6 protein chains.
Amino acid sequence: MTVDLDPPRHLVAEAVARAIAEDLGPLGDLTAALIPAETHGVADFVARRAGVLAGTACAIEAFAQLDASVDVEWHVSDGAVLDAGTVIGTVGGPLRSVLTGERTALNFLCHLSGVATATRAFVDALDAKTRVLETRKTLPGLRALEKAAVRAGGGVNHRGSLSDMVLVKDNHLGELGIADAVRRARELWPGRGVEVECERAEQVATAVEAGADLVMLDNMTPDQIAGCVRLVRAGNRPETLIEVSGGLTVENVAAVAGTGADLISTSAITQSAPALDIGLDLRIN
Amino acid sequence: MTVDLDPPRHLVAEAVARAIAEDLGPLGDLTAALIPAETHGVADFVARRAGVLAGTACAIEAFAQLDASVDVEWHVSDGAVLDAGTVIGTVGGPLRSVLTGERTALNFLCHLSGVATATRAFVDALDAKTRVLETRKTLPGLRALEKAAVRAGGGVNHRGSLSDMVLVKDNHLGELGIADAVRRARELWPGRGVEVECERAEQVATAVEAGADLVMLDNMTPDQIAGCVRLVRAGNRPETLIEVSGGLTVENVAAVAGTGADLISTSAITQSAPALDIGLDLRIN
Amino acid sequence: MTVDLDPPRHLVAEAVARAIAEDLGPLGDLTAALIPAETHGVADFVARRAGVLAGTACAIEAFAQLDASVDVEWHVSDGAVLDAGTVIGTVGGPLRSVLTGERTALNFLCHLSGVATATRAFVDALDAKTRVLETRKTLPGLRALEKAAVRAGGGVNHRGSLSDMVLVKDNHLGELGIADAVRRARELWPGRGVEVECERAEQVATAVEAGADLVMLDNMTPDQIAGCVRLVRAGNRPETLIEVSGGLTVENVAAVAGTGADLISTSAITQSAPALDIGLDLRIN
Amino acid sequence: MTVDLDPPRHLVAEAVARAIAEDLGPLGDLTAALIPAETHGVADFVARRAGVLAGTACAIEAFAQLDASVDVEWHVSDGAVLDAGTVIGTVGGPLRSVLTGERTALNFLCHLSGVATATRAFVDALDAKTRVLETRKTLPGLRALEKAAVRAGGGVNHRGSLSDMVLVKDNHLGELGIADAVRRARELWPGRGVEVECERAEQVATAVEAGADLVMLDNMTPDQIAGCVRLVRAGNRPETLIEVSGGLTVENVAAVAGTGADLISTSAITQSAPALDIGLDLRIN
Amino acid sequence: MTVDLDPPRHLVAEAVARAIAEDLGPLGDLTAALIPAETHGVADFVARRAGVLAGTACAIEAFAQLDASVDVEWHVSDGAVLDAGTVIGTVGGPLRSVLTGERTALNFLCHLSGVATATRAFVDALDAKTRVLETRKTLPGLRALEKAAVRAGGGVNHRGSLSDMVLVKDNHLGELGIADAVRRARELWPGRGVEVECERAEQVATAVEAGADLVMLDNMTPDQIAGCVRLVRAGNRPETLIEVSGGLTVENVAAVAGTGADLISTSAITQSAPALDIGLDLRIN
Amino acid sequence: MTVDLDPPRHLVAEAVARAIAEDLGPLGDLTAALIPAETHGVADFVARRAGVLAGTACAIEAFAQLDASVDVEWHVSDGAVLDAGTVIGTVGGPLRSVLTGERTALNFLCHLSGVATATRAFVDALDAKTRVLETRKTLPGLRALEKAAVRAGGGVNHRGSLSDMVLVKDNHLGELGIADAVRRARELWPGRGVEVECERAEQVATAVEAGADLVMLDNMTPDQIAGCVRLVRAGNRPETLIEVSGGLTVENVAAVAGTGADLISTSAITQSAPALDIGLDLRIN
């Protein structure tokens, strides 16, 4: 089940405004000035590779901000599975505006569809029991959009920012034990999710006992993971969520599938997701 | 020869401010509140993989904006070649601030070093005669920083925005021939670089004849490229720059090396550059 | 136990910048021009009424943005209990700047100390078992600062925004039952706090059974509240947090104290908190 | 006579944009995601207490920014006197958007109607001869909106910022006498209103003689005020405006009514105005 | 007597930030990259023509924002009378930064000194009795800085914005007479300056009688102006300020000098002030 | 041939938003409040002097931002030659909004038409062979709009920012010779225009030989210019563009016309262009 919530509209508008400003420069598109102002054009967004679509809200916004007389029609929606050759949408209007807006629209579409595609690859490598999360390793300024793209790819979202949830790592502990850290987090921030990063099974046991909502198993082998899952499920807080993280790839993640973990998280779907190749094909009259 | 020009300071400041805002959220770092305010920490930025460093200005700025009492010392500079294990820099100050700023600083370092590393891979696959350019396929809001990272990786920069240079593609031509397009571009925008995208040798000949500063050979085979280079060098404007673009990878770019082209351009070094793995290791007292 | 986390620095800076811009206008302080530029002044922030201090970060920032040569020294910190007459801090510098910055600094101090003072009044009317939360009924543009002031007053913070936690109210349910809503929220947003607003004990039972992290008892009498607390504590998820909300005042909240509820929430401490009267007394040479 | 001038449109837009950004967070409304996207809803803004309406421009803007497909119809206008139960307006559209925007719209309406209601209470406690002014003790970032709400409540506005008028207080004088201060203010800022804060009748006489446009009687008793009014009206500049300020409440202000003062000013109507309770009632099909 | 109030600091910072952004572009100063990073330079700001200095705060800010290691020392202050050849200030630091910041600093200095110089020319053409005001015909985005420059040139400032004062022109009147307009303005906006634009002596009489603070004599001949001055001074509100406006030049304004008008206003000192020629001379070692 | 490219839309929107904010202040137009809200008005933009029109996009945007119910119709377009009395456009809507927006719209129109008019005067003083360029001596914050106005006046644009082209001046050279500077610029920034400022014919020869795209002849006499033109045209890179700069006026530029220079550049058309007098005439019913 995918969440269909779009990214907040103002975040789309701000990201697109920045992208247009950086692409147009002070004079606008010098090359477009070669085209007669009255020439009209129609062009199709076409997937050049198979993947999952995301970022249509940004592409729409790009043309809306650039020239309100450009029409954009979308044939499929965020989350759609694309084949190489799928016509995703069509844009029509003054040719100058179509060509000037092309790259801004595509830069969002290609990156965010790349995120969605990478997410889907992890989702498909797992069974339905284990969900895919992004991390905070996102591209600066694009986090909210990347999170929406993760949802489009069938993933779910981890915390939105440092002020949403508590995630206790080794570095936070100092002289504090895990149990004290969880207790103190509960006192300070009642009602928030509390997660503990664990490197050993004993830590998992302690964290669950202390009442953590999630435990993150960091850089464990599938066997270690399976052991921790059994440990949690057999305890008195079996609903505690188990997140697996660290060095996961589409190839090695399948080994996690059978362990019964609830969640895996990976920066491969945001920070290192290759762009999905989408192009804009101008129709020739 | 690498350009040592840093990205403009205000662009660094703005990008970092956005990243901090999106990572901190309204309350700040809930987890850092577990740490006593007076605890001090020192940590090292360490490369986990070999690569080329970029983005130090952003990492410095991240801590400066977050907490002016944090000190950051840098042991190597942008453009440095890193081995797995190289200690890049050291950060010291209130432990809360060190941990809160860690991810923002790393997100810039990892992405921009990823860009520099990918650029360097292309540079190393070519000979010194052929330079590496980025394209406009950059991540929205990060273009200026990515361009600086390309320079750190040994590449050079293509136009900064649509208002810098003229780049005539097939879609701009309509009923206008290449020669007329170049002539008109010269009239409209005297002194600007004028480039023409060419798919066939005849177009190259026409473009050079018309006085283009650069010709872009799009999706040609190495043989076709070599033919075009010979054509240009044998003509009466042999200094015309020849840029090769389209589908280049670190693997196939070597075949371009021998052709004598001046420049290659690829989106693989920006839009699809995987993050370089850099971490922050807290020193334990 | 109070959280000592300051509001994020950039949010302080932005709020103060807006306040200075709106108070200075295009010309600056016309009246300050009557004072010779070289006149120096020292003044004390003095509480005119008893209360709890908050907002010192904003007051410091106001003078820092206005004139870096003004020194501000603070004698007590956010969270301090003030008597009428307590000298809170001292500001010294060019008299023009001291007087021009006075109102901006005080507007933050008085409002945020008003929030802290109102929070403390609720805290003091309850026993240590029951904590005080703000709601989303905050003053537009000031939420993060008000949340920090709530912490200064001894309260704890509810969700920072709509994207932190799930809070299911009657209006969200439609044809969905409470149990289905909780289950679906868990699927969509794993690891997030899930709260259900309940108007009747049966709803509480259902919500707890479905695995809610918190139940909000809306507009119930103390007896009803006590009944719900017993219900929850006697069940198999006794750690579920119980929040009491709706129409609470410093007077009537004491009746909640004995019920065993974990949390009360009220808009009286943000949207309707009267300013704490703090003034700036210029020392006469 | 009330001024019907709306707050400047761009200030409404900016304040609303900030409020939406702080309420939505990076992901938007997690809870709204439980509602099917196609569900439509209609809801009424209803006054829960008697008061005076203000802030409708902000409420309209909130929904316009959030989702242009939401319709808002307003049954009464800013300045309208509301009874408990008055239906103020109706909003209809996608239920998700209606619920997501509810709190932002209400936070403006409740605070600004609170300001208008408090203003009206002072207006009603006085006779028509004496007008009600706000002070600079406003909530940071909301001043222009609060000033419009003061007008909606039947008050009039004091200076918009420090650069509008000259208001000489004791702290500005130093070695300068009142007469010299007024003369110098006239020279520096011709055509601006010049006001002098006075604590004694002699100061009033001096200020009027020197040509002040307004005198502010600070913390005087009704008898002292009446004496000053007589003094001014009997002099040769009887049209000088007399403003009474300091410690006024709805209760004690009536004693000013008979004194003949032109204006009273109070921070109680801005900084300390309690929110007017307005709710949004979803219609059940 | 000149007002020595600087323009508000945040307005200087914002205007300079915009100027730097538009001058640097995404890559920064391509040409400065030719200079070795370690080369140091010292340069002098020198007036190439006689005039009056303004804008030093902007020039300082330009270098401060660009590179904090650049030192700027100012030998004279805003308002100083410059001869051709006067050395105004000295800047030293990394040569790259000195040259990159040169134009931004000079663009402010030259325009604002042009405003001050033009203002001074009007001031000098009048006698001390008649003061010089700017109008609202300012360059968009630069009004506050231009107003400070007018003060530097010995002028005084008219209203800062439409929300400071009331200025009734023919177009505002409709069916309302001047007397009713003034009365209504007094009711709506107590304490504000009220000015009436008059084209005939009868209007002046009416406006003064109605209690206007200022009358603006629009496009009258010196004789007509002198007549209006006599009319006002002989009446019972002789202190009413008389402003002369419309088509004034440095040449024809002298004829106004003898009329006894209090103020003249002209757009020639803002919108049409030619830049004062100031250059930056690099010292050669 | 004039370039018909409008300034980028977002730059128009931002400049207008700043202008409205600075003109309206916190309360809006106090004087407009005298006009009944329902009064409608129609007014014509009329040229009071002959000139060339520019800035219509800004005028349209001003009313659109202020009040969407105002209609603006434009009878001529940017670049049109206006006689004194030409009716440029018509605006109709609520009279309050028409009058409130008048000055903002006119400030853009008058300044930008002033730029276009000054540009046209230079264009007309030259022959078609020699084109007119602006310099970087533009008014801070208005550069992009001024560049569009230069195009409207028949000029062409020099570099948009420091990151577009390389322009080597004496100060950049240090120990580097011109030939080395050009070579290094080519290496660092391939494809960019490279220009060299020259004060003597030998420098011109060196620069052309080194492959500069443009040479700027700084402060040369017409004879010297003609000599340099002959030198370049007789060489082996005769297409090198020759720009003449320094101390040009409409009067003395004619002497350049016969020299065969390609371009002249002058700050007189931006920084020192007097406003074109355009007014708004309200139609009387």
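Just so it is clear, the model here is predicted, and its values are computed rather than measured.

## Things to note about the overall build of chain A
Phase 1: Within chain A one finds nine helices and 12 strands.
Phase 2: Judged by the C-alpha coordinates and their principal axes, chain A covers about 70 × 35 × 25 Å.
Phase 3: Across the 285 residues in chain A, those meeting the buried criterion constitute 64%.
Phase 4: Within chain A, contacts between residues at least 6 apart in sequence are counted, and of these 74% link residues at least 24 apart.
Phase 5: With the model as given, the accessible surface of chain A reaches about 9,600 Å², and the carbon-plus-sulfur share is 52%.
Phase 6: If you average the places of the 25 positive and of the 38 negative side-chain charges in chain A, the two averages end up 4 Å apart.

## Focus: the pattern of salt bridges
Phase 1: Tallied over the entire structure, the rule returns 75 salt bridges over all chains.
Phase 2: The shortest N-O distance in the salt bridge between K147 of chain E and E134 of chain E comes to 2.3 Å. Residue K147 of chain E is located in helix α4 (residues 143-152), and its partner E134 of chain E is located in the loop between β6 (131-133) and α4; the two are separated by 13 residues in the primary sequence.
Phase 3: Overall, K147 of chain E belongs to the buried group, its relative accessible area being 1%.
Phase 4: Judged by relative accessible area, E134 of chain E falls into the buried class, the value being 0%.
Phase 5: Put simply, K129 of chain F and D262 of chain F hold a salt bridge, and the shortest N to O gap is 2.8 Å. Pair noted here: K129 of chain F is in the loop between α3 (95-125) and β6 (131-133) and D262 of chain F is in the loop between α9 (254-257) and β11 (263-265), with a separation of 133 residues, a long-range link.
Phase 6: Looking at D262 of chain F, the relative accessible area reads 9%, which means it is buried.
Phase 7: The structure contains a network of salt bridges with shared partners spanning D23 of chain A together with R136 and R143 of chain B.

## Some points on the interface of chain D and chain C
Phase 1: Counting residues at the interface gives 58 residues for chain D, matched by 58 residues for chain C.
Phase 2: With both sides pooled, the region where chain D packs onto chain C buries about 5,000 Å², and carbon together with sulfur makes up 58% of that total.
Phase 3: At the surface where chain D touches chain C, the tally comes to four salt bridges.
Phase 4: The closest approach of N and O atoms between D23 of chain D and R143 of chain C, which form a salt bridge, is 2.6 Å.
Phase 5: One can count 30 residue pairs in polar contact (both at pLDDT 80 or more) joining chain D with chain C.
Phase 6: Mapped by element, the contributors of at least two residues to the side of chain D that touches chain C are α1 (9-24), α3 (95-125), β7 (166-168), α5 (170-173) and α6 (178-188) of chain D.
Phase 7: Per-element accounting of the side of chain D that touches chain C gives the leading share, nine residues, to α3 of chain D.
Phase 8: Looking at the side of chain D that touches chain C residue by residue, the class counts come to 31 nonpolar, 15 polar and 12 charged.

## Things to note about the relation of the copies chain D and chain F
Phase 1: Overlaying chain D with chain F gives an RMSD of 0.0 Å, the required rotation being 120° about an axis along which the chain moves by 0.0 Å. The superposition of one copy onto the other is thereby described by a three-fold rotation axis. When C-alpha distances to the rotation axis are compared across chain D, the minimum falls at E14 of chain D, with a value of 7.8 Å.

## A word on the relation of the copies chain D and chain C
Phase 1: Of the transformation placing chain D onto chain C, the axial shift is 0.0 Å and the rotation is 180°, giving an RMSD of 0.0 Å. The symmetry that links the two subunits is that of a two-fold axis.
Phase 2: Counting the interface residues of chain D, we find that 100% of their copies in chain C are interface residues as well, pointing to one common contact surface.

## A word on the nonpolar core
Phase 1: Grouped together as the largest cluster of nonpolar side chains are 179 residues, with contacts concentrated most on F45 of chain E together with F45 of chain F.
Phase 2: If sequence neighbours within four positions are ignored, F45 of chain E has contacts with F63, W74, T86, V87, I88, G89, V91, A105, L106, L109, G279 and L280 of chain E.

## Points about the sheet that holds strand β5 (residues 87-94) of chain C
All names here are of chain C.
Phase 1: Taken in spatial order, the four strands make up an open sheet running β3-β5-β1-β12, and their pairing is antiparallel. Each end of this open sheet is capped by a strand with a single partner; those strands are β3 (71-74) and β12 (278-282). Mean inter-strand twist for the sheet, computed between neighbouring axes without regard to direction, equals 20°.
Phase 2: Note: strand β1 (residues 40-47) against β5, seven bridges, orientation antiparallel. Across the sheet, V42 pairs through a bridge with G92, a residue of β5.
Phase 3: Of the strands in this sheet, β1, β3 and β5 are in contact with helix α2 (residues 56-66), which crosses β3 at around 165°.

## Some details on the interface of chain D and chain F
Phase 1: With 13 residues of chain D in contact, the opposing surface of chain F contributes 16 residues.
Phase 2: Linking chain D with chain F are two residue pairs in polar contact (both at pLDDT 80 or more), by the criterion used here.
Phase 3: Residue composition of the side of chain D that touches chain F, grouped by class: five nonpolar, three polar and five charged.

## Details of the side chain of T31 of chain F
Phase 1: Relative to the elements of secondary structure, T31 of chain F occurs in the loop between α1 (9-24) and β1 (40-47).
Phase 2: Of the residues examined, T31 of chain F reaches a relative accessible area of 0% and is grouped as buried.
Phase 3: Reaching out from T31 of chain F, the side chain makes a polar contact with the backbone nitrogen of L167 of chain E at a distance of 3.0 Å.
Phase 4: Those residues in contact with T31 of chain F, other than ones at most four positions away along the chain, are R159, M165, V166, L167, V168 and H172 of chain E.

## Some thoughts on the side chain of R103 of chain A
Phase 1: Within the secondary structure, R103 of chain A is located in helix α3 (residues 95-125).
Phase 2: One buried charge, R103 of chain A, has no salt-bridge partner; the nearest side chain with opposite charge is E102 of chain A, at 4.5 Å.
Phase 3: Ignoring anything within four residues of it in the chain, the contact list for R103 of chain A reads D23 of chain A together with R136 and K137 of chain B.

## Focus: the sheet that holds strand β12 (residues 278-282) of chain D
All names here are of chain D.
Phase 1: The strand order across the open sheet built from four strands is β3-β5-β1-β12, with neighbouring strands paired in antiparallel fashion. Every other strand in the sheet has two partners, leaving β3 (71-74) and β12 as the edge strands with one partner each. Each adjacent strand pair in this sheet contributes to an overall mean axis angle of 20°, direction not counted.
Phase 2: Relative to β12, strand β1 (residues 40-47) runs antiparallel, the two sharing five bridges. Of the residues in β12, the one forming a bridge with D44 is D281.
Phase 3: Most of the contacts of helix α2 (residues 56-66) go to β3, to which it runs at about 165°, and overall it touches β1, β3 and β5 (87-94).
Phase 4: On the sheet, α3 packs against β1, β3, β5 and β12 and is oriented at approximately 160° with respect to β12.

## Some words on the packing of helix α6 (residues 178-188) of chain E against helix α7 (residues 201-210) of chain E
All names here are of chain E.
Phase 1: Running from amino to carboxyl end, α6 crosses α7 at an angle of 30°, the nearest separation of the two axes being 9 Å. Considering the angle they form, α6 stands roughly parallel to α7. The two elements α6 and α7 meet at a crossing, and its hand is right-handed. Listed contacts from α7 to I178, A179 and V182 of α6 are Q203, T206, A207 and A210.
Phase 2: When grouped by side-chain class, the residues that make up the contact of α6 with α7 number five nonpolar, two polar and no charged.

## Observations regarding the domain arrangement of chain A
Residue and element names in this part refer to chain A.
Phase 1: Considered domain by domain, chain A is made up of domain 1 (9-114 + 273-282) and domain 2 (124-269).
Phase 2: Taking only C-alpha atoms into account, the centre of domain 1 sits 36 Å from that of domain 2.
Phase 3: On the side of domain 2, 11 residues touch domain 1, which itself brings 14 residues to the contact.
Phase 4: Summed over both sides, the interface of domain 1 with domain 2 buries roughly 770 Å², with 75% coming from carbon and sulfur.
Phase 5: Three residues, H111, L112 and A273, lead the burial of domain 1 against domain 2; their summed loss comes to 46% of the area buried on that side.
Phase 6: Remark: the boundary between domain 1 and domain 2 carries zero salt bridges.
Phase 7: Counting across the domain 1 and domain 2 interface gives three residue pairs in polar contact (both at pLDDT 80 or more).
Phase 8: Secondary-structure elements contributing two or more residues to the side of domain 1 that touches domain 2 are α1 (9-24) and α3.
Phase 9: Taken together, the residues of the side of domain 1 that touches domain 2 sort by class into 10 nonpolar, two polar and two charged.

## Looking at the packing of aromatic side chains
Phase 1: The final tally for this structure, using the stated rule, is 12 aromatic pairs over all chains.
Phase 2: Ring pairing ties together the aromatic residues F45, F63 and W74 of chain A, which thus form one cluster.

## Concerning α6 of chain D
Residues and elements named next belong to chain D.
Phase 1: Restricting attention to buried positions, one finds in α6 the residues I178, A181, V182, A185 and L188. Here the buried residues of α6 occupy an arc of 130° about the axis, which is enough to place them on one side.
Phase 2: Buried residues along α6 sit in contact with β7, α5, β8 (194-198) and α7 (201-210).

Conventions we followed
Residues numbered from 1 in each chain as written. Chains lettered and ligands numbered in written order. Predicted model: local features only at pLDDT ≥ 70, side-chain atom pairs only at ≥ 80, totals over all residues. Heavy atoms only, no water. Helix = DSSP H or I, 4+ residues; strand = E, 2+ residues; numbered from the N terminus. Buried < 20%, exposed > 50% of the residue type's maximum accessible area, 1.4 Å probe, protein only. Contact = heavy atoms within 4.5 Å. Areas by Shrake-Rupley, 256 points an atom, 1.4 Å probe, with all protein chains shown as cover. Lys, Arg positive; Asp, Glu negative; His and termini not counted. Charge placed at Lys NZ, Arg CZ, Asp CG, Glu CD. Salt bridge = Lys/Arg side-chain N within 4 Å of Asp/Glu carboxyl O. Buried area = accessible area lost by both parts, 1.4 Å probe. Polar contact = N/O pair within 3.5 Å; in protein donor to acceptor, adjacent residues only side chain to side chain. Nonpolar A, V, L, I, M, F, W, Y, C, P; charged D, E, K, R; others polar. Least-squares fit on C-alpha atoms with pLDDT ≥ 70 in both. Core = buried A, V, L, I, M, F, W, Y, C linked by side-chain atoms within 4.5 Å. Pairing = 2+ DSSP bridges. Axes fitted to C-alpha atoms, helices over the stretch in contact; angles between N-to-C directions. Parallel < 35°, antiparallel > 145°, perpendicular 65-115°, else oblique. Left-handed = near helix turned anticlockwise from the far one by under 90°. Domains from an automatic or database assignment. Phe/Tyr/Trp six-rings, centres within 6.5 Å; stacked < 30°, edge-to-face > 60°. Arc of directions from axis to C-beta.

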